[in-house]
Amino acid sequence: MLLIKSRKQLKDHLSPLKKNGSLGLVPTMGALHIGHASLVERAVKENSSVVVSIFVNPTQFNNTEDLDNYPQTLTADIEILEKISDQIIVFAPNIQEMYTEKVVSDTYDFDGLDKVMEGAFREGHFNGVGTIVEALLNLVQPNKAYFGEKDYQQLQIIRKLAEIRNIPVEIIGCPIVREANGLAFSSRNERLSKKIRNEASFIYKTLITAKKKFGTKSATHVIEWASQQFKEHPDLELEYIQIAQADTLEPIINKHQDKKYRAFIAVYAEGVRLIDNIALN
Ligand SMILES: Nc1ncnc2c1ncn2[C@@H]1O[C@H](COP(=O)(O)OP(=O)(O)OP(=O)(O)O)[C@@H](O)[C@H]1O
Ligand SMILES: CC(C)(CO)[C@@H](O)C(=O)[O-]
Ligand code: BAL
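Looking at an unreviewed UniProt entry, the protein carries the name Pantothenate synthetase, with the source organism given as Maribacter luteus. On record in UniProt, under Sequence similarities (unreviewed entry), the comment for the protein is "Belongs to the pantothenate synthetase family." A UniProt comment under Subcellular location (unreviewed entry) is attached to the protein, and it reads "Cytoplasm".

Draft legend 1. Representation of the UniProt feature "active site" (unreviewed entry) in the protein within the structure. Feature annotation in UniProt assigns "active site" (unreviewed entry) to the following positions: His36. Within the secondary structure layout, His36 lies in helix α2 (residues 34-46). Among the residues examined, His36 registers 26 C-beta atoms within 10 Å and is labelled buried.

Draft legend 2. Structural detail: the sheet that holds strand β6 (residues 170-174). Pairing within the open sheet is parallel, and its six strands lie in the order β1-β4-β3-β2-β5-β6. The two strands at the open ends of the sheet, each matched to only one other strand, are β1 (2-4) and β6. Averaged over all adjacent pairs, the angle separating strand axes in this sheet is 25°, with direction ignored. Relative to strand β5 (residues 144-148), strand β2 (residues 23-28) runs parallel, the two being bridged by two bridges. In the strand pairing of β5, Leu25 is matched with Ala145. Helix-sheet contacts for helix α4 (residues 74-84) involve β1, β3 (49-54) and β4 (89-91), and the interaxial angle to β3 is about 160°.

Draft legend 3. Examining the site of ligand 1 more closely. The environment of ligand 1 is made up of 18 residues, and the closest members are Gly35, Gly148, Phe185, Ser187 and Arg188. Of all elements in the fold, only α2 and β5 reach the threshold of two or more residues within the shell around ligand 1. With four residues, the single largest contributor to the shell around ligand 1 is α2. Per-class residue counts for the shell around ligand 1 are eight nonpolar, seven polar and three charged.

Draft legend 4. Representation of the UniProt feature "binding site: (R)-pantoate" (unreviewed entry) in the protein in the model. Mapped onto this numbering, the UniProt entry gives "binding site: (R)-pantoate" (unreviewed entry) at Gln60 and Gln154. In summary, the annotated positions, though distributed over 95 residues, converge in three dimensions, the widest C-alpha pair being only 11.4 Å. Not counting chain neighbours up to four residues away, the residues in contact with Gln60 comprise His125, Gly128, Val129 and Ile132. Mapped onto the fold, Gln154 is located in helix α8 (residues 152-164). Residue classification places Gln154 among the buried residues on the basis of 24 C-beta atoms within 10 Å. Ignoring any residue separated from it by four or fewer positions in sequence, one finds Gln154 in contact with Val129 and Phe147.

Cut-off values and rules
Within every chain, residues take consecutive numbers counted from 1 along the sequence as written. Here the convention is simple: chains get letters from A, ligands get numbers from 1, in the order in which they are written. Totals for whole chains, interfaces and linings use every residue, but because this is a predicted model, local features are given only for residues with pLDDT of at least 70 and side-chain atom pairs only at 80 or more, for both listing and counting. UniProt positions are given in the numbering used here, feature names are shortened, and annotations may be inferred rather than shown by experiment. Put simply, DSSP marks the helices as runs of H or I at least four residues long and the strands as runs of E at least two long, and each gets a number from the N terminus on. Burial is judged by counting other C-beta atoms within 10 Å of a residue's own C-beta: 20 or more means buried, 12 or fewer means exposed, and anything between counts as partly exposed, with every C-beta placed from the backbone. Two strands pair if DSSP finds at least two bridges between them. Think of each axis as a best-fit line through the C-alpha atoms, taken over the contacting stretch in the case of a helix, with angles from 0 to 180 degrees between the N-to-C directions. By definition, residues are in contact whenever their C-beta atoms, placed on the basis of the backbone, come within 7 Å of each other. Nearness here has a simple definition: the residue's C-beta atom, placed using the backbone, must lie within 6 Å of the molecule or strand. Three residue categories are used. Nonpolar comprises Ala, Val, Leu, Ile, Met, Phe, Trp, Tyr, Cys and Pro, charged comprises Asp, Glu, Lys and Arg, and polar comprises the others, including Gly.

Below is the structure:
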């Protein structure tokens, strides 16, 4: 395992490796769990070298409390990665290393993908994600970069980022990994009490039933039904539940047989923001 903290050292280390095989990148904000491990395992299978970046990116946080409370567990993260492969290159820069001048985001035109759901509720979030992911892709220049479908809107935006910035990389989306009760693994789950972590499994249960209902009912009906369900779970505060086209993320108007749809949800529990989504057809 190699731990690198500077961009220059990373570039120097990677340049001979690139000539001899494919390079995979897994960007993360650390506090690694089984969901992250699934991305890293896939990257290790598909590439001769793998970089896992660990960087809590300040410009994507619209809420300073969320940033201040974000878990940082580098030693434990390294242990998890070592179990997957001792050849992984861990890139864990500090803020000055990634934002040499000012800690600000670039502004992107993501063709409306950033105007809904996470983008609507976390102002500036996707400009921050775009800025750091563009910087990492340009620095590492991977053949493939791996992102989880748990952040499905982010995945679509990163595909768009690679397209608009002409970055020659294959963006690979990986399925959501869930805890035994169905709750999607998330670093923020660590901040939940045991009781609420269990109750939060209701988020996925609702998505599963919404999927069944979507087979025969309208999107409006399904959304209204799901919103009602949360009234019986006062510890889970629903921020949004939406059904959108899987590729453009446009909110559904009328169902079309030939289009793919997904339901997206964001919920607050004990002040922690949890997101999830599911393919509906
Ligand atoms: N349960 C999961 N299944 C699959 N991929 C995941 C899962 N959780 C996170 N990922 C992916 O791991 C990458 C890094 O995510 P990140 O470090 O933000 O972790 P996280 O668990 O999503 O944290 P949080 O949601 O609390 O910010 C992202 O591409 C994200 O989509
Ligand atoms: C892609 C990412 C590492 C950029 O900071 C982050 O948004 C995340 O962990 O999903
Ligand atoms: N996994 C998404 C990163 C964030 O919530 O900022």
